[in-house]
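# Descriptive structure summary
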Amino acid sequence: MAYYGKCIDIVIEQLDKFKPEKDSPDQFLEAASSSLQALSPLKQAFVVEVLSGCLEYRKLLTIVVDAFYVRDGRLCLWADYSLFQVLCYLATFQLDELGFQLFCSIIRSRPIHKTCKFLRFFFNPLNLGSWIKDEWGLLYETTHVKENWIDPLLRWQPEVLELVDQLEGVSASQTTVSKTKAKVTEPKEFNLTTPRPRPIPAPEPVPTMAKPRQVPRSTFQEPKEKQQLQMIKRHNRLKAEELLLRANIEELRCAMPRTHREPLEQDCKKKQGPPARIRKTPRLTFYRPDHIPVKLNTAAILREGALYQRQVEKELQRVDKLVDGAGDFSEFLEWQKKMQAKDREEQLAAGECRRLQGKLSHEEAILARQTLAQENKQKADRKKEETAELMLQCAQRRLKEARSMKELVEQVTEAQKNVKVAQMKLVKGRRQIVQEVMEESREMLQRNAEAAREEQRRRCELISQLRALETQPTRKGKLVDLTQIPGYGVEGEMSVVELRERLALLRETQQREEEEKRDQIIQGKRAKSQELLNTVERLSLCRKAMGRTAAMRWEQKKAQAATGAPSQDERVLELQRRIEERAVERRRRAAPLHVPAPRTVRRASRAQQEAQHWLELERSRERRLRALQRADSAIAPARRLEAA
């Protein structure tokens, strides 16, 4: 056992040195054989044979070991990669020649936990019969892989799994046995009869594929429940948009003066309570005419105060110019409003044209999609006919292959009978060589054990001498006087105690300066906050005056507002007519089709409703824009009067 363990260690060491990117297998074997000249001929022959086999079948071994690391060996070290390669090679190619007993001795010389885990994965019948056979079949012929490698592995599989279970049981029992127990029971292997090779099963007949049923037409049609839900969804959406438009049109009514406005502001002031101590810049809350609270910071207050100041200065300059005899721009402003209204109408007409052009392109795309669907249907019919012919040819070819495989199996079974006799003679000769190698390894182990005992005795003597030296007493540290000056001759030299006192005085002086600066900062903040409060009071007075003026102007202009639908443009009418023509043509083409696309049916049903909906939405937005412009024109004179 120890002999094979040492040989396996040499093989693993050589495999770790091999680099497939740089080294050639033949050159590497020559270099390895030259480095193994110190070993005996039997050892050297065994090591070179295993090493050359691992290099020759490196691709096969790599497939199994990589899969082991991915599936069951995720916790194993990558340093054991070469060990798993050697075990895989011995189990696949050398198990019949070495014999099961020698193979067991090699397995016991390795770490039990790692080897058992790998052998259980490798000798799993599911793995051998499925993906291992398929992956090896890509590199070599499938019949050769199955007869020479997979079948022998399946034949040895019961004995190997029994060995793995036995080793795992021994390792588990060794952990529970007490350490003080001197003698440990060693289990003996069962002398089981080698099972007969399993016969090669006859190939199964190729099954005939049943003709599939056609896809029902209801698969491409929407259910009635979904159409009802879509109708309810559209109805709810139209209702919500009408409510939104009504709210947008009536949203300016909140600017009207009310009698209960002043009591609300008084109640809000009462709830605020007495002013607290000022810590930071105050954030004051104001109420707009629509009763939405707005928090203003310092920058917003100062910015709004500067804005009102600039408005007052502009109004004063305007009054001075009027006093000096300057003219009025009322006629120019009226002409400007008319031109702006005309420009808005042109913009609305251009937007409507763009929207209708988009609808027209959508209808044309639907027509093109219907044409493409008809062409695809014809292509699918031709493809089905070609597929049926190919399936018939494939079935005939498979029957021929099955007959040829059956004849090949019969030929291989006849050739295998003659090979078995030669293999048995070769196995007997190799077993004799293995017995001689085992006797030589026992002698070497005895010599190594005596040398190890001598080395252990010498180390124990050195350890006792070192411990005797450590027990001798030693002096630790020395006394330090903190009040003593070191005396290095440096300017300003002082003791540690004096240094601590001076640092304490310096720390007190810094704290005193920080308190003075903090008091100055607090006083500055108080003065700034008082100035902000005065500015906020002025801003609130300005807002109230502007709100009252704007409300009065709104009441005066409200009766004069006139709303009207935008005039229809010739381009818009022409685009609508073309869209109707495309829709009629699309319905005419969609009528012969039995299974129209769900998206096409849904869009065709919604085309008329969407057109009406978008027209109402454009009109409502135009009315809202006019109302906002009237409100701005009413608020601007009120601001000028308030500033004057």
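What counts as what
- Residues numbered from 1 in each chain as written.
- Predicted model: local features only at pLDDT ≥ 70, side-chain atom pairs only at ≥ 80, totals over all residues.
- Heavy atoms only, no water.
- Helix = DSSP H or I, 4+ residues; strand = E, 2+ residues; numbered from the N terminus.
- Buried < 20%, exposed > 50% of the residue type's maximum accessible area, 1.4 Å probe, protein only.
- Areas by Shrake-Rupley, 256 points an atom, 1.4 Å probe, with all protein chains shown as cover.
- Patch = residues over 30% accessible without salt bridge, like charges linked within 9 Å, V, L, I, M, F, W, Y side chains within 5 Å.
- Salt bridge = Lys/Arg side-chain N within 4 Å of Asp/Glu carboxyl O.
- Core = buried A, V, L, I, M, F, W, Y, C linked by side-chain atoms within 4.5 Å.
- Contact = heavy atoms within 4.5 Å.
- Lys, Arg positive; Asp, Glu negative; His and termini not counted.
- Charge placed at Lys NZ, Arg CZ, Asp CG, Glu CD.
- Axes fitted to C-alpha atoms, helices over the stretch in contact; angles between N-to-C directions.
- Parallel < 35°, antiparallel > 145°, perpendicular 65-115°, else oblique.
- Nonpolar A, V, L, I, M, F, W, Y, C, P; charged D, E, K, R; others polar.
- Phe/Tyr/Trp six-rings, centres within 6.5 Å; stacked < 30°, edge-to-face > 60°.
- Left-handed = near helix turned anticlockwise from the far one by under 90°.
- Expected span 1.5 Å × (residues − 1).
- Disulfide = S-S within 2.5 Å.
- Bend = angle between axes of the 7 residues up to and from the residue.
- pLDDT = per-residue confidence, 0-100.
- Polar contact = N/O pair within 3.5 Å; in protein donor to acceptor, adjacent residues only side chain to side chain.

### Some remarks on the overall build of the protein
Along its length, the protein carries 16 helices and two strands. In the protein, which comprises 644 residues, the proportion classed as buried is 23%. With an accessible surface of roughly 48400 Å², the protein has 54% of that area assigned to carbon and sulfur atoms.

### Details of a nonpolar patch on the surface
A contiguous nonpolar surface patch, about 410 Å² in accessible area, is contributed by Phe332, Leu333, Trp335 and Met339. Relative to the elements of secondary structure, Met339 occurs in helix H13 (residues 330-470).

### Description of the nonpolar core
Val86, Leu90, Phe118, Phe122, Phe123 and Trp136 are the most contacted members of the largest nonpolar core, which has 65 residues in total. What Leu90 contacts, discounting residues up to four positions off in sequence, is Ile8, Val50, Leu95, Leu98, Phe103 and Ile106.

### Overview of a negative patch on the surface
A surface patch of negative charge is lined by Glu513, Glu514, Glu515, Glu516 and Asp519. Here Asp519 lies in helix H14 (residues 496-558). For Asp519, a relative accessible area of 45% translates into the label partly exposed.

### What about the packing of helix H5 (residues 81-98) against helix H6 (residues 100-108)?
Relative to each other, H5 and H6 sit at 150 degrees, their axes nearing to 8 Å. Classified by the interaxial angle, the pair formed by H5 and H6 is roughly antiparallel. Taken together, the residues of H6 that come into contact with H5 (itself represented by Leu87, Leu90, Ala91, Leu95 and Leu98) are Phe100, Leu102, Phe103, Ile106 and Ile107. Partitioned by chemical class, the residues of the contact of H5 with H6 number ten nonpolar, no polar and no charged.

### Remarks on the packing of aromatic side chains
Scanning the model with the defined rule gives 20 aromatic pairs in all. Pairing Phe118 with Phe122 gives two aromatic rings, centres 6.0 Å apart and planes at 10 degrees, and the pair type is stacked. Here Phe118 pairs with Phe122, and both are found in helix H7 (residues 112-122), just four residues apart, close to one helical turn. Look at Phe118 and you get buried, because its relative accessible area is 0%.

### A short note on the packing of helix H3 (residues 41-56) against H5
Following both chains from N to C, one finds H3 and H5 inclined at 120 degrees, their axes separated by 10 Å at the closest point. With respect to H5, the element H3 is oriented oblique. Regarding H3 and H5, the two cross each other, and that crossing is right-handed. On H5, the residues that touch Phe46, Glu49, Val50, Gly53 and Cys54 of H3 are Gln85, Val86, Tyr89, Leu90, Gln94, Glu97 and Leu98.

### Side note on helix H10 (residues 224-249)
Taking 1.5 Å per residue, 26 residues should reach 38 Å; H10 reaches 38 Å between its end C-alpha atoms and fits that length. Residues of H10 that are buried include every one of Arg234, Glu241, Leu245 and Asn248, and no others.

### Observations concerning the state of the cysteines
This model, assessed by the stated rule, comprises zero disulfides. Unpaired in this structure, Cys54 has its nearest cysteine sulfur neighbour in Cys88, at a distance of 8.8 Å.

### As for the pattern of salt bridges
For the structure on display, the rule yields 20 salt bridges. Lys114 is the salt-bridge partner of Asp80, the closest N and O atoms lying 2.7 Å from each other. Within this pair, whereas Asp80 is found in the loop between helix H4 (58-71) and H5, its partner Lys114 is found in helix H7, the two being separated by 34 residues in sequence. Overall, Lys114 belongs to the partly exposed group, its relative accessible area being 25%. With a closest N to O distance of 3.1 Å, Arg502 and Glu498 form a salt bridge. Of this pair, Arg502 and Glu498 are both found in helix H14, four residues apart, which corresponds to roughly one turn of the helix. Of the residues examined, Glu498 reaches a relative accessible area of 29% and is grouped as partly exposed. Within this structure, Glu49, Glu97 and Arg430 form a network of salt bridges that share partners.

### Quick look at helix H8 (residues 125-139)
In a regular helix each residue adds 1.5 Å, so 15 residues correspond to 21 Å; H8 covers 21 Å between its end C-alpha atoms and thus fits that length. Its axis deflected by about 40 degrees at Ile132, H8 carries its strongest bend there. Along H8, the residues that are buried comprise Asn127, Leu128, Trp131, Ile132, Trp136 and Gly137.

### Here we look at the environment of Leu61
On the secondary structure map, Leu61 appears in helix H4. Distance from Leu61 to Val86, taken between C-alpha atoms, is 8.5 Å for residues 25 residues apart in sequence. Among all residues touching Leu61, those that are not within four sequence positions of it are Cys54, Gln85, Cys88 and Tyr89.

### Notes on the confidence of the model for the protein
The pLDDT averaged across the protein works out to 77; a share of 81% of its residues lies at or above 70. Considering only residues more than four positions removed or in separate chains, one finds that residues 252-292, a stretch of pLDDT under 50, has 42 contacts. Low pLDDT, under 50, characterises residues 562-567; the stretch is placed with five contacts to residues that sit more than four places away or in other chains.

### Overview of the side chain of Asn127
Within the element layout of this structure, Asn127 appears in helix H8. For Asn127, the side chain forms a polar contact with the side chain of Trp131, separated by 3.1 Å.

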